[in-house]
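# Examination of the molecular architecture
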Amino acid sequence: MNTNVRLESAPSVAVVPANPSYRSRLRLNLRLRMGLTILAIFAIGSFTLPFFTDVNPSEQGAYMKNLPISIKHLLGTNSQGQDIFWFLVFAIRNSLILGVAVSLCVTTIATLVGLSAGYIGGWFERVVMLITDSFITIPVFPILIVLGALVRGRTSFWVVGLLLVIFGWAWGARTIRSMALSIREREFINMARFSGASTFDIILKEIFPYVYAYIVVGFINTILFAINTEAALAVIGLSKVETPTLGSIIFWALNYNAMFIGQYTWIVAPVVATVLLFLGLFLTSTGYNELYAARRGHS
Amino acid sequence: MGLIQYIAARVGVYLFVLFIGITVTFFLPRLMPSDPIENYIAQLQNQAGQSMDPEDVAELRASLSELYGLEGSLFSQYVGFLKRVFLTFDFGPSFSSFPRPVTEFILVALPWTLGLLIMTTLIAWTLGNSIGLLAGFFHNKRTATMLEVVGVVLYPIPYYILALVFILVLAYVFPIFPISTTIRPGPLNFEKVKMILYNSALPALTLVTAGFGWNILSMKSLSFSTKQEAFVNFARLKGVPPRTIMTSYVFRNALLPQVTALALSMGTIFNGALLTEILFSYPGLGLLMRSAVGSGDYNMLYGTITMTIIAVATATLIIDLIYPFLDPRIRYR
Amino acid sequence: MRSTWLTHKMLPLTLLLVLLALAACQPATTGGTEASAGGEAAAAPQAGALTDVGTPRHETLIFQTFDRKSANPDAMNPLMQYAVWRGFRELGWGYLWETDTGTGESYPELATEMPEVLNDEHTRFRITLKEGIYWSDGVEFTTDDVIYTLDTYFNEKEKLTNGNVNRIVNYVKSYEAIDKYTFEVETVNPSYDLHTVMGVYTWASAFIPVPKHIFEKEADVSAFRNTYPVTLGPYVVKEYDPNGFWQLWERREDWERSAWGWMGEPKAKYVLYKDFGPEESRVLAFVQGQYDVDTFMSPDSIKGAQERTDKITTFASTMPYHNMDDACGYGVLMNMHKAPLDQAEVRWAMALSLDLKEVGINSVNGEFKASPLPMVDTQIKRPIYFEPLLPWLNDFTLADGYKPFDPAFSSDLVARLQEMGIDASQLPEGEEAISEAFGIGWWKYDPEQAEKLFNAAGMTKNADGFYTLPDGTVWELELVIPGDWNKVMQRVGFSIADSWRKSGIQVNARQVDNAEFSNTQNTNALLTTTLNWANCVFTPNYLNSWQSMSEENLMAADASEPIVGNVWRWNNQTAFDLIAESKAMDQSDPKFLENGRMILQEMVTDMAYINIMNIPTTIPTNETYWTNFPKQDNYYAVPYSWWSSAKEMVVNIEPTGVQ
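Presented here is a report on the structure given in the accompanying data block. Position numbers for residues count from 1 along each chain, tracking the sequence in the order it is written. Following the order in which they are written, the chains are lettered starting with A and the ligands numbered starting with 1. Restriction of local features to residues with pLDDT of at least 70 applies here, the model being predicted, together with a cutoff of 80 or more for giving and counting side-chain atom pairs; totals for whole chains, interfaces and linings are based on all residues.

## Structural notes on the sheet that holds strand β21 (residues 529–534) of chain C
Residues and elements named next belong to chain C. The condition that has to hold: Pairing between strands is defined by DSSP: at least two bridges between them are needed. Strands here are runs of E lasting at least two residues and helices are runs of H or I lasting at least four, both read from the DSSP assignment and numbered beginning at the N terminus. Angular values range over 0 to 180 degrees, each being the angle between N-to-C directions of two axes fitted as lines to C-alpha atoms, with helices fitted over their stretch in contact.
Pairing is mixed in the open sheet, where 5 strands are placed in the order β20-β19-β21-β14-β22. Edge positions in the sheet fall to β20 (506–512) and β22 (610–614), since each has one partner strand and no second. Taking each pair of neighbouring strands and ignoring which way they run, the sheet shows an average axis angle of 30 degrees. One ladder, built from 2 bridges, connects strand β19 (residues 476–482) with β21; its direction is parallel. Pairing of valine 480 across the sheet is with threonine 530, part of β21.

## Description of the interface of chain A and chain C
Applicable threshold: Throughout, a residue-residue contact means that the two C-beta atoms, derived from backbone geometry, are no farther apart than 7 Å. Residue polarity is assigned by list, with Asp, Glu, Lys and Arg as charged and Ala, Val, Leu, Ile, Met, Phe, Trp, Tyr, Cys and Pro as nonpolar; anything else, Gly included, falls into the polar class.
Tallying the contact residues gives 25 residues for chain A and 27 residues for chain C. Of all the elements in the fold, those that place two or more residues in the side of chain A that touches chain C are α9 (246–255) and α10 (264–298) of chain A. With 3 residues, α10(A) is the largest single contributor of residues to the side of chain A that touches chain C. Class assignment of the residues belonging to the side of chain A that touches chain C gives a composition of 11 nonpolar, 10 polar and 4 charged.

## Considerations on the packing of helix α8 (residues 279–287) of chain C against helix α9 (residues 299–308) of chain C
All names here are of chain C. Defined as follows: An angle below 35 degrees is treated as roughly parallel, one above 145 as roughly antiparallel, one from 65 to 115 as roughly perpendicular, and anything else as oblique. With the far helix as reference, a near helix turned anticlockwise by less than a right angle produces a left-handed crossing, and one turned clockwise produces a right-handed crossing.
The geometry of α8 relative to α9 is characterised by a closest axis approach of 10 Å and an angle of 30 degrees between their N-to-C directions. As summarised for this structure, α8 and α9 are arranged roughly parallel, according to the angle between their axes. Judged by the twist between their axes, the crossing of α8 over α9 is right-handed. Where α8 approaches α9, its residues Glu279, Val283, Phe286 and Val287 are matched on the opposing element by Ser301, Gly304, Ala305 and Arg308. Within the contact of α8 with α9, the residues separate by chemical class into 4 nonpolar, 2 polar and 2 charged.

## Description of helix α11 (residues 266–280) of chain B
Residue and element names in this part refer to chain B. Counted only if it meets this: To estimate the expected span of a helix, subtract one from its residue number and multiply by 1.5 Å. To assign burial, the other C-beta atoms lying within 10 Å of each residue's own C-beta are counted, with C-beta atoms placed from the backbone; 20 or more indicates buried, 12 or fewer indicates exposed, and intermediate counts indicate partly exposed.
Across its 15 residues, α11 extends 21 Å between first and last C-alpha, which sits within 8% of the 21 Å expected from 1.5 Å per residue. With 15 of 15 residues buried, α11 is to be regarded as a mostly interior element. Of the residues trailing α11, serine 281 is marked for its positive phi of about 50 degrees.

What is shown is where atoms sit, not what they do.
Now the structure itself:
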């Protein structure tokens, strides 16, 4: 569907550097701080700003069409008579909500499946991994095209979220399972088992902390996957295009040929927003990863 | 586990994936919101300007069902479908290009998709990994950070935006490449190859640009962490020249996870190629698939989706089978 | 450190923006010589530019295809479903009679004159063919071919997939050859429309003669693909794309003895039909002069293109810029079997809840022509149906005495457009010109009256301002609209949904693909409301569109089988009777037209179909290589690159001399 799915295939991005130098540690914290700052601006901005307007951003003809940038319209208005700035604010908010919601579900499923498969092993693991591998191998785009044609317009964009969950959990499950696998044979797990801890307890208390760092990184990456896949679906018209999202704003801008007719802010603003959002998520994820490594290295 | 078991396990997974994929393929289009037979009958009636005799309609419906392979219960259709696909690779006639068989269209489209895909994946993978290696190995240099940033910025830009920017810049402002694909029929000679390359340049460029960002990022991170490992430090202390360290020590070790990742992301890469084809009207499987959805052509959908699943699963299998030769330490797990 | 780091992070971003900006600014003049830049042009700089398919650009007329990509590029057998939009209708086949798209009148093409009526019942006809018309392989066209084609229609009707075969088989009772150039036909019923059934009714002829000497060699004509067909028209297929994106035609050496060689010399040696991609990339090719005539392009893209080159022009130089004479219009079809759409009050309330000025401005920049009657307001039909009914519309009242018609619609629209900053020189002046341009008026936008009507049907607004059904649940209306495959309708559809939502109707606009769209329209089960092109009436003869409206074609409310013609399930006995009566009438009879007006009145009274606007047929042209395309001030034909107008275009254009 989209390049960004590929981050999911990159457990290697989450590989923890063993022994970072002092200098690079300083930089990591900077990364984390910068990433969090960007995310905070996006999150706080898109969630609080809507309280300062009573305009419905997707209503057509609310203003004159094609107005230039001004104090009243920070990014001008588009060819449908909507305010581009407000549409973008709502779009970022909806995309974030969708991303976080999808990512919560995906991470939960991936963690449960991965941990249980890795720890329990045996035929259970084999069956689960077979299904996981199938989900990873089958190209989702054709399936999403068919499903998209089926559901579009009939339901809210939450259904799109559901589809993303269905096709998004496999990558994480695979990675977490392989991490759980390597931990399973370690000394302290056996200790715990002999001292009578239940399977659930062992998974939760002994194994979980070890994969925790990956889960956080995976969570952040999945947000990105969700936002961008929804956007890609919207652009080919298969999502709910009347709901403002980063994808639907690009859909309309392309539909009206914004670049060609000189409506640059309409198309450039969502692209820049997507890139910045990605930058924030990427910095947070790598920053957190290295911070965690540094902490472990020194404790 | 020995090598034989490893291969057997891989092939087993391969067959299972194919089975699941083809099953999903069969049932999904049944959910499609259009009925080719009723549409055809309605079209006939509208052109004739009068209702047909109910008996005639029933007869027509039955004969069309038979032609399209839609007669019988869902289960018997499913069994028949599996038989035809696995034994004879036959998907029946296309509805919208009746009565030509779907397989005919797929065989025409497949080389286009595979050609574009293999070429761009190789380029994106090699280029991305080389840049990533440099960025990771010289991670303190500004250039290294720059290269990483290139990756970070390229990676989230959606395909369609990249495609549009390339069209605008390289086909319109500087009209170097064609805006849309035109391939004339004719024998495969030097001229034809030139024509194909010339027409494939923009879609390929889009795929490469969109694809190599991730390779930069992951390779950078990998080579950075490999560089910190004890055996690399040891080699450095032993006085091995940095260039050798980079290629023989860091690259070789960082390469393996990248190969695995490539195998795992074949499906995703394929998705991108399909989308690009649609955007550039490139005559491959993706375009075939999109128009099949548009016209409610079930058989064509079965054929194209099954073909992509086979292609992706096979590519994954091939990489999996090559893997042991790259990594002598593998435990065949 | 932070600042340098930041600079580094931002640099590629800036680069990207520069790239975007670069893409945005364009060379001031993009002239013709740049066209088709690339390998081939460089290969032969002396001989002038070549097209992508290797023909000299200045000898090639290039059309954007009507249907983008053809699913059956090698299917060229007119007895089957075939690649019809690749120029076969226009350049390849020949017909007994053809319709002049501009006037709606038929004229003989292969025949010497209109059919000669042999009996008073109007069932027997004699037809004479022109002598000296030859197939492209040099064999003469005679009654043998006509009789062979009719024989094949009747003998193979089960296997032939071209739906028109049924039309002829149901229409014709018998036929016989009299001599080499004369034959006779007897019809099942009294017929006044032989010339538009066995000849062309605007878009197609149900009868297309095929060459006997070619087809009789085939054991199974239904399996015959007829690739590179032997043609009657002045062009033959030279090359086609197996992927269905383009097809190249070449003028016959002996074009003078082709089906319409008598019209004059076709100016272009080659005619290329090609798809230049989705609108975003297509418009770039258009600006570069890679092709001459587009089909439907959105107003914004045309405007953008015109800012870049003065070679691109629209049909008219003033608003609404486009040709509005297409046979079909856009309108909202409602399933009158589904509550609450079964009540006339509700349907009227929906019409009065629609702010059409707003819809037209938001979706098509106000470049549209509204029509209150369920028929398209074209130059042909205005004097026959619209002008006579205008007084009736003005006086028309609903049951509660309310007058819904707004005759000032168009002048108000012009005022709105002026307010929006559109220059007065771009707008028509004077009442008559405004009415010609934007229509005779439309229904009032009156949410208050609409609410009264809704309330009368037991539907009230809830606290959120949305209408509820009598049982208290919110009325959720589904509006099916075309997706990306018809951009203008897609936009109009979303704007209609937006406008209705503002009036309190909870609309879910669902954009769908082509196949699902047909399914929605063709079966009873799926349709609630849909934005559709319907009531396609091109000539004064309305029967072509309304013939199937009868009691027996009405399906039960819950039926899901395919339906015929009357897709909106209108049940009105008066109208059914009128249609039945008209079927047995001479179409030049004033009573025939009077019946048409009465049917229209019935439809309006019932608000059976909310007609919206004429199809804005944009068809911009690029006059770098060819000029003298049909325009409003040069109206030798309608501007369509399809139908008979394409023939007139091909013989009337002039090369500019640009190489």
